[in-house]
Amino acid sequence: MSTGGDIAPKVRSILDAARERAASRADTGGERVAVDARSLTGAFEAAEADGRVPLIAEVKPTSPTTDGERTDDPVELAESMVAGGAAALSVLTEPEHFGGSTDALERIRAAVDVPVLRKDFVVRESQLDAVESDVLLLIVRFLDEEGTDDLADLLAAARERGFQVLVETHTAEEVERALAAGAEIVGVNNRDLAKLEVDLGTFEDVAPEAPENVTLIAESGIATTNDALAMREAGADALLVGSAIMDAAGGGDVEANTRRLVTAESDATAETAADAETETHQ
Ligand SMILES: O=C(O)c1ccccc1NCC(=O)[C@H](O)[C@H](O)COP(=O)(O)O
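Residues numbered from 1 in each chain as written. Predicted model: local features only at pLDDT ≥ 70, side-chain atom pairs only at ≥ 80, totals over all residues. Heavy atoms only, no water.

You'll find the protein chain entered in an unreviewed UniProt entry as Indole-3-glycerol phosphate synthase, with Halosimplex pelagicum given as the organism. Listed under Catalytic activity (unreviewed entry) in UniProt, the entry text for the protein chain is "1-(2-carboxyphenylamino)-1-deoxy-D-ribulose 5-phosphate + H(+) = (1S,2R)-1-C-(indol-3-yl)glycerol 3-phosphate + CO2 + H2O". Under Sequence similarities (unreviewed entry), UniProt gives the following word-for-word description of the protein chain: "Belongs to the TrpC family." (UniProt positions renumbered as here; feature names shortened; annotations may be inferred.)

Structure (structure tokens):
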């Protein structure tokens with residue numbers, strides 16, 4: 001099935017590149033990976049117990065919607081994110097549009113002890129063996145396209161290799177399809193891959209479709225502490241944040257940017273308590 005006419009030209013170019021990489025990997029064969037994965041839900045629980053907002057911070061040097069590129073050492077960026085309290089990391093491995101690489105992911109995973117998500121556009125089983133990671137992303141919308149494998153088959157193939165799988169959706173219908181395929185970790189992307197526009201209302205609208213036993217992640221467009229609080233209020237078990245932490249245009253402090261979002265809830269609670277205290281003394 002292909003509903004491909006809806007996809008933005010920049011996203012179509014990403015998908016075409018993913019198909020080409022899948023074909024070249026299939027040609028060269030290559031060994032099947034066997035992952036000893038660090039638990040993503042365990043990392044979220046540890047963050048919650050510690051009063052931190054469970055956050056996946058994304059090493060995203062650039063993107064089709066980013067002004068500029070961050071050329072710092074990806075391992076240093078990743079270590080700063082962990083120092084800022086990130087429960088897990090996401091690492092772009094797509095080279096042509098996001099400046100990522102499998103080499104960067106390998107180096108980061110060796111340097112940190114939190115779970116690492118491989119952020120790429122996986123459409124064929126042969127792509128699963130490009131590199132080991134704790135979590136793998138599958139995007140429902142992309143697996144509609146011609147020349148891609150079936151979502152349930154890919155999910156099973158990824159689990160057979162030891163990956164935990166984050167299945168990304170954008171609509172209630174895609175959440176249903178993710179669940180029917182057996183997804184246990186579901187992301188709702190606030191970025192519409194058809195128009196590349198971001199609307200945090202997407203997560204708020206779609207989240208009620210996911211049952212309680214699913215780990216639900218709000219992805220994209222989360223920039224401020226208020227955004228983080230709104231996504232948590234709407235039911236996000238965790239947040240996935242790239243651009244606001246990377247700050248490619250400003251080259252800002254990645255550790256401080258991470259900490260600001262991770263402490264959003266504890267800071268809000270402290271502020272409310274301080275306001276109550278002030279009122280009592282007036
Ligand atoms: O980020 C993009 O420009 C983009 C363009 C086309 C397809 C996917 C894209 N992003 C992938 C992502 O899912 C985000 O990197 C991730 O959710 C973080 O989003 P943000 O915090 O808004 O950087």
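Visitor: An account of the pairing of strand β6 (residues 185-189) is requested, with residue identities and associated values reported.
Guide: Where burial is concerned, most of β6 is hidden: five out of the five residues are buried. Where burial is concerned, the two faces of β6 agree: the one with Ile-185, Gly-187 and Asn-189 and the one with Val-186 and Val-188 are both buried. Two elements, strand β5 (residues 164-169) and β6, share four bridges in a ladder whose sense is parallel. Bridged to Glu-168 within β6 is Gly-187. (Buried < 20%, exposed > 50% of the residue type's maximum accessible area, 1.4 Å probe, protein only. Helix = DSSP H or I, 4+ residues; strand = E, 2+ residues; numbered from the N terminus. Pairing = 2+ DSSP bridges.)

Visitor: Could you give me a rundown of unusual backbone geometry, with the residues and numbers involved?
Guide: Its identity as a non-glycine residue notwithstanding, Ser-220 has a phi of 75°, on the positive side. With respect to the helices and strands, Ser-220 occurs in the loop between β7 (215-219) and α9 (225-233). Residues other than glycine seldom take positive phi values, yet Asp-247 does so here, at roughly 45°. Tracing the backbone shows Asp-247 in the loop between α10 (243-246) and α11 (254-262).

Visitor: So what's going on with the site of the ligand? Residues and values would help.
Guide: As a structural note, the neighbourhood of the ligand is formed by 20 residues, with Glu-58, Lys-60, Thr-65, Lys-119 and Ser-243 the closest of them. Within the contact set of the ligand, an oxygen atom lies 2.5 Å away from a side-chain nitrogen or oxygen of Glu-58. Contact between the ligand and Lys-60: an oxygen atom at 2.6 Å from a side-chain N or O atom of the residue. Look at the ligand: alone it shows 500 Å² of surface, and the protein chains cover 98% of it. Those elements that place two or more of their residues in the shell around the ligand are α1 (9-28) and β8 (238-241). In terms of residue class, the shell around the ligand is made up of eight nonpolar, seven polar and five charged. (Near = heavy atom within 4 Å. Polar contact = N/O pair within 3.5 Å; in protein donor to acceptor, adjacent residues only side chain to side chain. Areas by Shrake-Rupley, 256 points an atom, 1.4 Å probe, with all protein chains shown as cover. Nonpolar A, V, L, I, M, F, W, Y, C, P; charged D, E, K, R; others polar.)

Visitor: Go over the packing of helix α3 (residues 74-83) against helix α5 (residues 102-111) with me, naming the residues and quoting the values.
Guide: Across the interface, α3 lies against α5 with an axial gap of 9 Å and an inter-helix angle of 40°. For the element pair α3 / α5, the angle class is oblique. Relative to α5, the crossing made by α3 is right-handed. Residues Pro-74, Val-75, Ala-78 and Glu-79 of α3 lie in contact with α5, whose contacting residues are Ala-104, Arg-107, Ile-108 and Ala-111. (Axes fitted to C-alpha atoms, helices over the stretch in contact; angles between N-to-C directions. Parallel < 35°, antiparallel > 145°, perpendicular 65-115°, else oblique. Left-handed = near helix turned anticlockwise from the far one by under 90°. Contact = heavy atoms within 4.5 Å.)

Visitor: Pulling in residues and values, what's your account of the pairing of strand β4 (residues 135-139)?
Guide: Burial of β4 is extensive: five of the five residues sit out of reach of the surface. In β4, alternate side chains face the same way, and those of Val-135, Leu-137 and Ile-139 on one face and Leu-136 and Leu-138 on the other are all buried. With five bridges connecting them, β4 and β5 associate as parallel partners. Across the sheet, Ile-139 pairs through a bridge with Glu-168, a residue of β5.

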